[in-house]
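One-letter residues, chain by chain:
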Amino acid sequence: MKRLRIYAAIVLAVLLVAACGSLPAKQRAVLGNQAAGQAIWALQDAERRICNPAVFDKDPTIPITECTGPTASAAGLTTAKHQEFAKTLSTAYGLRIRLDNLLLQWQPGAPEPSELKGLQDQANGILTIARSLAMTERQKELVALAELLMAEVQKIAATIRGAR
Amino acid sequence: MRLPTEAEIRNVSSVTQLAITTGIILGKQAIALVKYLFKQRGVMLTNAQADEITKAVLAKDEVRKALADAEAGG
């Protein structure tokens, strides 16, 4: 009976490992990239809404070139800081676009795309800016989104490295 | 209900049967856990489906980059 319990426990452990790691590497990388995209898009919207809620609420597709209003002041988000944030996001998106194209062709075993390291650096830069803002609920929201972005980018890197 | 013999365990031919066999020995919770884990695996994507997801993400990234460029100024 004891041997049966040990055997059953081993079977359960094997099933646990199989269930967690059974998704193909490319699928995990693609879904991770999608999750990272959702994080950075949400982060961009959150920062823009703090910067200028009037313009954002009217039409979120209109470029915001000036931070005004009490929420921006409370967060310490100046126009200059918003421009710096946008520049960092632009660099991050440039890397993401290259990574998106690479994922369309990437197969497990291929070398890790160099864009991943650059993207991690940009995600870290975004997090640094978010943390530098004044401590408000809005700033905490930005930091949480930036940390989520970092986590998703690191997951993509781990998936691709693990598949080599 | 009798416990399965070792020979019967070695001869299971399906995941469900294996889960049930494991559950008989370790309890009902084991069956629930195994079924939950396999549900969490999600539906396997084909390569074409994975590429469609990435193409949609790419299109959105390009739009978002254009917006960031317009706001970066300078």
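Note that the structure is a prediction, hence the values are computed from the model and not measured. (Residues numbered from 1 in each chain as written. Chains lettered and ligands numbered in written order. Predicted model: local features only at pLDDT ≥ 70, side-chain atom pairs only at ≥ 80, totals over all residues. Heavy atoms only, no water.)

## What to know about the overall build of chain A
We count it as follows: Secondary structure elements are defined from DSSP: runs of H or I of at least 4 residues count as helices, runs of E of at least 2 residues count as strands, and each element is numbered from the N terminus. Working definition: with a 1.4 Å probe on protein chains only, accessible area under 20% of the residue-type maximum means buried, over 50% means exposed, and in between means partly exposed. We call two residues in contact when some of their heavy atoms are within 4.5 Å. For the accessible areas, the method is Shrake-Rupley and the probe is 1.4 Å, while residue cover comes only from the protein chains on display.
Check the secondary structure of chain A and you find seven helices and zero strands. Each helix and strand of chain A, placed in order from N terminus to C terminus, yields the pattern α-α-α-α-α-α-α. A buried classification covers 46% of the 164 residues belonging to chain A. Long-range contacts, defined as pairs at least 24 residues apart, comprise 67% of the intrachain contacts of chain A with a sequence gap of at least 6. If you sum the accessible surface of chain A, you get close to 7700 Å²; carbon and sulfur atoms cover 59% of it.

## A word on the overall build of chain B
Scanning chain B from N- to C-terminus turns up four helices and zero strands. In chain B, the order of α-helices and β-strands from amino to carboxyl end is α-α-α-α. Residue burial in chain B is summarised as follows: out of 74 residues, 31% are buried.

## Some remarks on the confidence of the model for chain A
Do not read the fine detail of predicted coordinates wherever pLDDT is low. Residues and elements named next belong to chain A. Rules: Confidence scores here are pLDDT values: one per residue, from the predictor, ranging 0 to 100.
Across chain A, the average pLDDT comes to 81, with 84% of residues at 70 or higher. Considering each helix and strand of chain A separately, the mean pLDDT is smallest for helix H1 (residues 2-21), with a value of 54, and largest for helix H3 (residues 53-58), with 94. Ignoring residues within four places in sequence, the model shows residues 16-22, a span with pLDDT below 50, making seven contacts including any to other chains.

## Points about the nonpolar core
We apply this condition: Nine residue types can take part in a nonpolar core, namely buried Ala, Val, Leu, Ile, Met, Phe, Trp, Tyr and Cys, and a core is a set of them joined through side-chain atoms within 4.5 Å.
In this structure, A:Ile40, A:Leu43, A:Ile126 and A:Leu149 are the most contacted members of the largest nonpolar core, which totals 47 residues. Looking at this core, the elements that each hand over two or more residues are helix H2 (25-51), helix H4 (70-75), helix H5 (79-105), helix H6 (115-132) and helix H7 (137-162) of chain A together with helix H4 (47-72) of chain B. When residues in this core are grouped by element, the largest group, 11 residues, is from H2(A).

## Comments concerning the pattern of salt bridges
Applied cut-off: In the sections that follow, a salt bridge refers to a side-chain nitrogen of Lys or Arg positioned within 4 Å of a carboxyl oxygen of Asp or Glu.
By the definition in use, this model includes 12 salt bridges over all chains. As a salt-bridge pair, B:Asp51 and A:Lys26 come within 3.4 Å of each other at their nearest N and O atoms. In this pair, B:Asp51 sits in helix H4 while A:Lys26 sits in helix H2, so the two residues belong to two different chains. The salt bridge partner of B:Arg64 is A:Asp45, with a shortest N-O separation of 3.0 Å. You can see B:Arg64 sitting in helix H4 and its partner A:Asp45 sitting in helix H2, one on each of two chains. A cluster of three or more residues bridged by salt bridges with shared partners is formed by A:Asp45, A:Arg48, B:Arg64 and B:Glu71.

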